[in-house]
Structures are given as structure tokens and as C-alpha cells.
Amino acid sequence: MSATTTEAPARPGGDGTDSAARSATRSLARTEAVRLLRHPAVLVAFALYAAQWAYSAYAGHDRYPVLQDEDRYTQPPLLLIAAGTLLAANLAALRPHRHGTDAMFDLLVLPPRRRTCAHLLSLLPLAALSAAVAGARTGYAVMQDGAVGSPSGAELATGPFVVLLSGAIGVLAARLVRSVAAGPLMVAGLGIVMVAGALQPRSDWRWWGLVAVEDENRAPLPSSLMHRPAGWHLLYLAALLALVAAVALLRSGRRVTTGLGAVTGLALALAVVAGCVQLRGVPDEVSRARAAAERAPSSQQVCGMRGPVDYCAFPEFADRSQQWAQVAEGIRRWVPKGAREKRYVVRQHLVPDLPAGGLVPPLPLESWAADDRAAGTPDALPVGTDWGTHSDVAGDRMLAFAASLAHRSVTRESSPAPEHGVVCRSRGVLTLWLAVRSTADTRAAYDSLAGRSFGGIMLNSFDADTGLGFNRREQGVVDALLRRDAADIGARVQRSWAELTAPSTTTDRAAALLGVPAPPPAPREDEGVCAV
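The following refers to the structure shown.

**Looking at the sheet that holds strand β4 (residues 381–383)**
Step number 1: Strand order in the open sheet made by the four strands is β1-β2-β3-β4, with mixed pairing throughout. The sheet is open, and its two edges are formed by β1 (302–306) and β4, each paired on a single side. With strand direction ignored, the average angle separating the axes of adjacent strands in the sheet is 25°.
Step number 2: Examined bridge by bridge, β1 and strand β2 (residues 309–313) share five bridges and lie antiparallel to one another. The partner of C303 across the bridge, within β2, is C312.
Step number 3: Sitting on the sheet, helix α14 (residues 321–332) is in contact with β1, β2, β3 (344–348) and β4, with an inclination near 145° to β2.

So, in C-alpha cells, the structure goes:
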């Protein structure tokens, strides 16, 4: 009697055909992708992202975007989706273990390595959706009337890559530790790394995290003067993704073949190289270009006239002159025709970078004046690159620019410096009222600043150690004027312009001319020293 042998069914990807294995892997990947998109952690993450975007749009934070900054602003919100993806992918890869069906899955035609590959492929639709969301948000910013600059493709691709990498980390965690606690712990660990990088926005080491944040209180820069190795960071993330995927496949029981070993080694080498390149710091040529732009920007700028005013700006910020012109016209509409200047020039300047010691550097006013004379625009009024009410800092700088314009109209002084000291008496009242009333944005900025100030206010466009100040009495008169009809006050201003702009006119007299009660006299120690 002869013995009979029965052969086990062939597994695709094992002893079966490669085409059947690939087809089965793709089918499983599609199924897992649908499950990921429906997972509560992912749905909650997208809901939080949408809520954050809606609040930003409702609050007006996106009205004046600088697109070379907006591209990186898409990255931190996508960390919410990255966290949800990591948790969902980890739970999906642990499903057989959580349900106690490991032994049953071992009998399936797909071996563990193929199932791991399917889980990794299932992340692609979610990454594509994240890219679509980031693209939609950038497109929304581009369509704003106040948008300036241009976004970077590498910066926009970083967020979706982080989502993809986070999901792969979740799959790897499931292959390393068979516990549902691994996913939340991994999210917490990556969160700690991100917070540590955010606390050191000037450190080059922050680039070794998922995203690299900047000091958001710093004014925007032209893209040619920025230094963000976004391309190298994207390569760094791609190398980490390949490394994580390769290790996950190795942990799934795949033997170390020549191809997989080469991929793992190459990914590790690329991650190390790209990570080290990111630590090089600001190149010397960029530092020299920044210094030149800070001290003598006219050679790098374009100029254009809007009404009776010439506006000179860095090319990427040229369209910002629309908002500057609105402020100028808002001030000039209350100035009598005979008192308006025939020629008026506004030149954009960079806010000097705050050094590591924290001491505010003095403004290069002599260099600015010499540059203006060489460009044929002497006595140009300076304006920064920040604009809008999306932050207190930007709003304060915007209001300070409006005050400098108003001060020029009131005093007819030709000094280009934005620092004039404390403006007292009637001139202080008129200057502050003109600045605040120029646009709705300057009014909102004033309301914000007034709520944060005590004993008067100080306006500063360039983070210098002095600024344009107003005492509490003059501010009190302006507060009373703001509660009155603007047209009525404007008519009074035009009728009494000569007396209101006289240096000797007192605050009490200004209040009487404008039809509001004067505040009680303030103690001498509460009043600042008036500028000469």
C-alpha cells in the first residue's frame, strides 16, 4: 500500500504567483483605506481641523496673508490629522491581536508581510486627502484681496508627508509592541518633540522633528531673504518614511533580502545626510542680503503711485500698497485740501531681527535716510512687512504706521524716523484720532491695544526702544471722540485745523473745539515728556 501526500494550497506572494499576491494586497489596502477614512480618530481630527480653519476665517486672521508664510502655517494644523492617522493605523494593524484572531489570520492566503504592506498602502488616500485640504486652504489664502507673496511647493508637501509618516509609525508600533497603549504613547512622544522644537524656534535642531516652527512674532520676510531648508526637510521625511516602512516589513517576518537591505541602508543614510544638512544654519550670502535689505532696501524694491502718494516695497509685497493707500486716504479725507502735501512717499523696511540676547537693536535711521536720498525719495515714511489684526503684534505695527502718517499730516515735519516721543496737547489728540479713524482695521487694532495698555499708549512699528506715544489725557479725549459720529468730528477738525495743529493748543482747548468734555488733569508723574 503506497502513502498519499496532499500539498498545502499555495499562498500568493509565497509559493504562488506574484500577480495574485499583488492583487490581493491591493484589495486589502483598499478595504483598510476605507476603514481608516471612517475611523473615529480620523473623523474627529478632520473635524477639529475644520473648526480651527473656520474660526481663523471668522476672526479675520486670513485677510492679509503672506503666502511664503502661509505655506508653512498649513503644517501645524495637519498634526491633528497626523495624530488621528497614527492612532487609527495602529489599531488597524493590531486588529487581529485585539480580536484574538491571530491564529486564523495565519491561515489566510496573505502572509504577514503582505498584510503589513497593505496597511502601509492604505495610508495613501488619507495623505492625498490631507494634501487636498492643505491645497484648499492655501488656495483660499491666495484668493484673498490682501494676499501677497508666493507659496513653496516643498512647504505645502510637508504636511501630507507628515500624515503619511505618522500612519507608518503607527503600523510599525503595532509590529513592535502588541499593545493598544503603544499608539497613544507614540503620539505623546512625538508631541513632546514638537513642543520642545516650538519652544526653540531659532534652533536648527528643531528641523529634526516633524515640522519646524518659526518665531511667529517676527515680521514676514521676502522669500529670497528667508532660510528654511524645506526641500531637505521633505527629503528627510521621505527617508524616514522609507526607513519606517522597511523596518515594519522586516518585523513582519520578511527575510532580509538584498533589495530590502539596500532600501533600509539607503533610507538611513539619506535621513542622516538630510538631517545634518538642515543644521547648517543661515548661509552667509543670505545673511549679507538681509543686512543689505535692512540698511538700504531701495535697490531691491519697486515703486508705484496710488493717488498722490508713492509706495515703494519689495516686489512680493508690492500689492500691500493697496492697504497702505487705504490708511493714507482715510487720514487725508479729514485734512483740509490746502494742508495736504503735494508729494508723499512711503518706503517698506524690514523689522531688524531680535538678537539672541533679547536687546532691541537701534534702527539704522541714518542709513535709511541716506538710501532714501540716493533713491530720489528723501524723507520717505517707513512701513514694515507685517499687516492686519491677526495678532496683537501685527495690529500694533499697523496702527503705528497709521499714526506716523497722521503725525506727518498734523506736524508737517519731514523727519523719516518713526520715533517722535510723546505727542501731547492738541496735536496728540488729532494725530491719534486720525490714525484710529483711518480704517476699520486700525480701529480694531486700537481697541485691542487700549485694552492692554495703562497710563497712555505707545505705538511702535519696528520693535525699537522708543516709539510714538500718547498720554492718558489725550487718549481720553480720543476715546470720547470715537463715541461720536465720525462725520461730525471730521467737519469740526477741518473747520479748526489751523488751531488744532498749532503746537501751543492745549488738550482742553482741543476737546472744546471738537465738542467733547476734557478729562480731569492727570498727576504730573503720570504724564510723559512731550516731544519738542
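**Side note on the side chain of R206**
Step number 1: Note on placement: R206 falls in the loop between α10 (182–198) and α11 (230–251).
Step number 2: Within the structure, R206 has its side chain in polar contact with the backbone oxygen of V213 (distance 2.7 Å).
Step number 3: The residues contacting R206, other than those within four sequence positions of it, are G197, Q200, P201, V211, A212, V213, E214 and R228.

**Examining the packing of α14 against helix α16 (residues 392–411)**
The angle between the axes and the distance between the axes are what describe a pair of packed helices.
Step number 1: For the pair α14 and α16, the least separation of the axes is 10 Å and the interaxial angle reads 40°. Relative to α16, the element α14 lies oblique. Here the hand of the crossing between α14 and α16 comes out right-handed. Along its contact with α14, which presents W324, V327, A328 and I331, the element α16 presents F401, A402, L405, A406 and S409.
Step number 2: Along the lines of polarity and charge, the residues of the contact of α14 with α16 split into eight nonpolar, one polar and no charged.

**Topic: the sheet that holds strand β5 (residues 421–422)**
Step number 1: The three strands lie next to each other as β5-β7-β6, forming an open sheet whose pairing is mixed. Either end of the sheet is taken by a strand with one partner, and the two such strands are β5 and β6 (457–459).
Step number 2: Sheet analysis places β6 next to strand β7 (residues 468–470), joined by three bridges and oriented antiparallel. Following the sheet pairing, M458 is matched in β7 by G469.

**Focus: the nonpolar core**
Step number 1: Ranked by internal contacts, the top residues of the largest apolar core, which has 65 residues, are V346, L405, W433 and L434.
Step number 2: Per-element accounting of this core gives the leading share, nine residues, to α16.
Step number 3: Those residues in contact with L434, other than ones at most four positions away along the chain, are I331, W334, A406, V410 and W497.
Step number 4: V133, I169, V171 and A274 belong to the second largest nonpolar core, which has 35 residues in total.

**Observations concerning helix α19 (residues 472–482)**
Step number 1: Within α19, eight of the 11 residues are buried, which leaves the element mostly enclosed by the surrounding structure.
Step number 2: Listing the buried residues of α19 in full gives R473, E474, Q475, V477, V478, A480, L481 and L482.
Step number 3: Structurally, α19 contributes buried residues whose contacts are with α17 (425–437), α18 (440–452), β6, α20 (486–495) and α22 (507–514).

Rules of the game
Residues numbered from 1 in each chain as written. Predicted model: local features only at pLDDT ≥ 70, side-chain atom pairs only at ≥ 80, totals over all residues. Heavy atoms only, no water. Pairing = 2+ DSSP bridges. Helix = DSSP H or I, 4+ residues; strand = E, 2+ residues; numbered from the N terminus. Axes fitted to C-alpha atoms, helices over the stretch in contact; angles between N-to-C directions. Contact = heavy atoms within 4.5 Å. Polar contact = N/O pair within 3.5 Å; in protein donor to acceptor, adjacent residues only side chain to side chain. Parallel < 35°, antiparallel > 145°, perpendicular 65-115°, else oblique. Left-handed = near helix turned anticlockwise from the far one by under 90°. Nonpolar A, V, L, I, M, F, W, Y, C, P; charged D, E, K, R; others polar. Core = buried A, V, L, I, M, F, W, Y, C linked by side-chain atoms within 4.5 Å. Buried < 20%, exposed > 50% of the residue type's maximum accessible area, 1.4 Å probe, protein only.

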